[in-house]
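This is what each chain is made of:
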Amino acid sequence: MLKVSDIRELIRLLDETSVHELTIETGEVTVTMKKADVTGYIAAPVASALPHESAPAQVVAKAEAPVASAPIAAPTPAEQKPVKEETGFEYIKSPMVGTFYRASSPTVAAYVEVGSKVTPKSVVCIVEAMKLMNEIEADLQGEIVEILAENGHLVEYGQPLFKVKTT
Amino acid sequence: MSETRDKILEMLKNADGSFVSSREICAALKTSRTAVWKHIHTLQEQGYQVEAITNKGYRIFMSEADMVTSHEIREAVGTGLFGKRVAYFELLDSTNNMAKKLADAGAEEGTLIIANEQSAGRGRLNRAWISPPKSGVLMSLIIRPPLSIAEAPRITSLAAVAVAQALMELSGKLVQIKWPNDILFEGKKISGILTEVSAEGNMVQYAIVGVGINTGYISRLIPESLQPTVVSLEEVTGKRMKRAQVVANVLSNMEKLYEGFIHHGEFAGIIDYIKTHSATLGRYVKVDVGSRMITGFAEDIADDGALVLRVAGDQIQKVYSGDVIATPMI
């Protein structure tokens with residue numbers, strides 16, 4: 001009998017190959033996997049494992065259900081290397097986990113550059129999570145000395161985003 | 001909308017298709033004939049079908065009208081806080097932009113900004129949201145939740161559930177939530193949500209919940225390449241629905257969920273709803289997080305609304321941002 005983890009592994013393997021269709025028979029269960037030849041978003045139903053007629057929907061149901069008993073792994077590693085904070089400077093930090101954007105859209109200028117003067121009310125960047133765009137204010141007065149995160153990259157809670165010489 | 005114009009509209013509607021004389025209106029509202037004529041003219045420009053006949057007066061045809069003026073919204077919304085104040089615009093660049101301006105100027109919680117047409121509706125990263133006139137609901141709600149910035153992304157989950165519930169009530173059909181902010185009918189997008197937050201220190205000062213819902217026959221109005229991905233309420237139900245009613249259903253659901261969340265901390269029900277109406281869970285997906293692609297099995301929605309992926313090596317990874325792409329399978 002195939003386990004859910006086996007099916008998941010098969011899906012993963014199939015996805016990494018150029019094989020288009022795969023059928024596996026193990027005694028009572030037959031599993032067929034087929035790749036769609038469409039790119040982009042597909043609105044197809046979930047069932048990636050089709051049970052043989054003699055085996056009622058058992059496999060499908062299991063494959064769809066969240067696997068609660070699986071071990072919980074370590075937290076996501078941050079993309080950026082930790083920044084060493086120097087004395088004499090202040091840091092504007094990310095208030096949330098999300099994606100860091102330096103401008104409100106790819107076609108407009110960044111909110112701030114190195115050398116920009118900021119006041120506590122200046123918007124310095126956007127951090128986006130769950131499609132919620134969060135305008136981050138400097139909350140301090142000074143000059144941007146360094147930009148520590150990269151546009152479009154993930155940032156962690158509390159990660160320094162800008163190095164600021166306060167005035 | 002001016003108060004006088006609102007009252008004229010009220011009088012015409014109450015007359016239920018019969019004529020109301022100009023003299024009657026002037027007497028009731030203590031205004032001049034010229035002023036009344038100007039207001040009628042504005043109503044016509046807004047799309048109300050008002051007929052003017054010399055010696056008889058004015059009459060209105062309401063059955064075909066699909067208006068989203070302040071008057072129509074307030075009438076449909078009733079007594080709730082959300083939508084109690086409505087700012088209606090014929091044409092805006094985007095309702096979210098206007099909402100931000102009004103919120104910065106102190107507009108109170110529950111203020112709704114709505115447009116008949118948008119010239120630059122947008123989604124995330126300023127991607128365009130195509131919004132021809134009368135083809136959809138284009139609205140932004142101002143809220144002022146007492147939340148920290150870290151908690152703010154929950155607003156997206158809440159709004160997605162409110163819109164999904166409203167669309168199910170209106171259509172009687174099953175819709176699904178594509179994590180985190182799109183509403184799909186049979187895999188096609190019927191609604192999208194874009195939330196923007198302005199913070200003060202570590203707290204949310206205000207949030208703008210922008211909602212676009214396709215109501216009319218959208219497929220004819222959009223580029224061919226997008227047609228297989230988009231659907232509207234009218235196409236789903238075969239019925240034309242009044243946009244004011246759609247707005248009212250969304251707002252009442254949103255207000256209920258919002259009150260439960262803000263005043264009683266009820267959020268688990270929202271997550272449960274997302275899990276049971278998810279277009280994302282149970283799939284093998286790729287998430288474009290900008291700098292890289294995360295692939296994994298979409299296994300669960302976390303208590304805070306994050307997408308839980310099982311990635312290579314049987315590791316669990318929580319995703320807070322990025323575009324989900326269902327991988328081509330089956």
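Residues numbered from 1 in each chain as written. Chains lettered and ligands numbered in written order. Predicted model: local features only at pLDDT ≥ 70, side-chain atom pairs only at ≥ 80, totals over all residues. Heavy atoms only, no water.

Engineer: Now, about the confidence of the model for chain B: what can you tell me, with residues and values included?
Structural biologist: Averaged over all residues, the pLDDT of chain B equals 88, while 91% of them reach at least 70. Reported for the predicted complex are a pTM of 0.74 and an ipTM of 0.75. (pLDDT = per-residue confidence, 0-100.)

Engineer: Which residues make up the packing of aromatic side chains, and what values go with them?
Structural biologist: Considering all chains together, one arrives at three aromatic pairs over all chains under this definition. Between F100 of chain A and F162 of chain A, the ring centres sit 5.8 Å apart and the planes meet at 55°, which makes this aromatic pair tilted. Within this pair, whereas F100 of chain A is found in strand β4 (residues 98-101), its partner F162 of chain A is found in strand β10 (residues 160-166), the two being separated by 62 residues in sequence. Looking at F100 of chain A, the relative accessible area reads 0%, which means it is buried. Where F261 of chain B meets F267 of chain B, the ring centres are 5.0 Å apart and the plane angle is 45°; that geometry is what we call tilted. Residue F261 of chain B is classed as buried on the basis of its relative accessible area, which comes to 11%. (Phe/Tyr/Trp six-rings, centres within 6.5 Å; stacked < 30°, edge-to-face > 60°. Helix = DSSP H or I, 4+ residues; strand = E, 2+ residues; numbered from the N terminus. Buried < 20%, exposed > 50% of the residue type's maximum accessible area, 1.4 Å probe, protein only.)

Engineer: Tell me about the pattern of salt bridges, and please be specific about residues and values.
Structural biologist: The final tally for this structure, using the stated rule, is 22 salt bridges over all chains. With a shortest N-O distance of 2.6 Å, K163 of chain A and E86 of chain A are connected by a salt bridge. Of this pair, K163 of chain A sits in strand β10 while E86 of chain A sits in the loop between α2 (58-64) and β3 (90-93); the two residues are 77 residues apart in sequence, bridging distant segments of the chain. A relative accessible area of 7% means that K163 of chain A is categorised as buried. Exposure remark for E86 of chain A: the relative accessible area of 42% places this residue in the partly exposed category. Note that K13 of chain B and E72 of chain B form a salt bridge whose closest N and O atoms lie 2.8 Å from each other. One end of the pair, K13 of chain B, is in helix α1 (residues 3-14); the other, E72 of chain B, is in helix α4 (residues 70-77), and 59 residues separate them in sequence. An identical accessibility class is assigned to K13 of chain B and E72 of chain B; each is buried. Several salt bridges share partner residues, and in doing so they unite E86, E146 and K163 of chain A into one network. (Salt bridge = Lys/Arg side-chain N within 4 Å of Asp/Glu carboxyl O.)

Engineer: Mind laying out helix α5 (residues 95-104) of chain B, listing which residues take part and the relevant values?
Structural biologist: Inspection of α5 of chain B places T95, N96, M98, A99, K100 and A103 of chain B among the buried residues, and these make up the whole buried set. On its buried face, α5 of chain B is in contact with β7 (132-137) of chain A together with β3 (86-92), β4 (112-118), β5 (136-143), β8 (188-200) and β9 (203-214) of chain B. Downstream of α5 of chain B by one or two residues, G106 of chain B has phi in the positive range, about 100°. (Contact = heavy atoms within 4.5 Å.)

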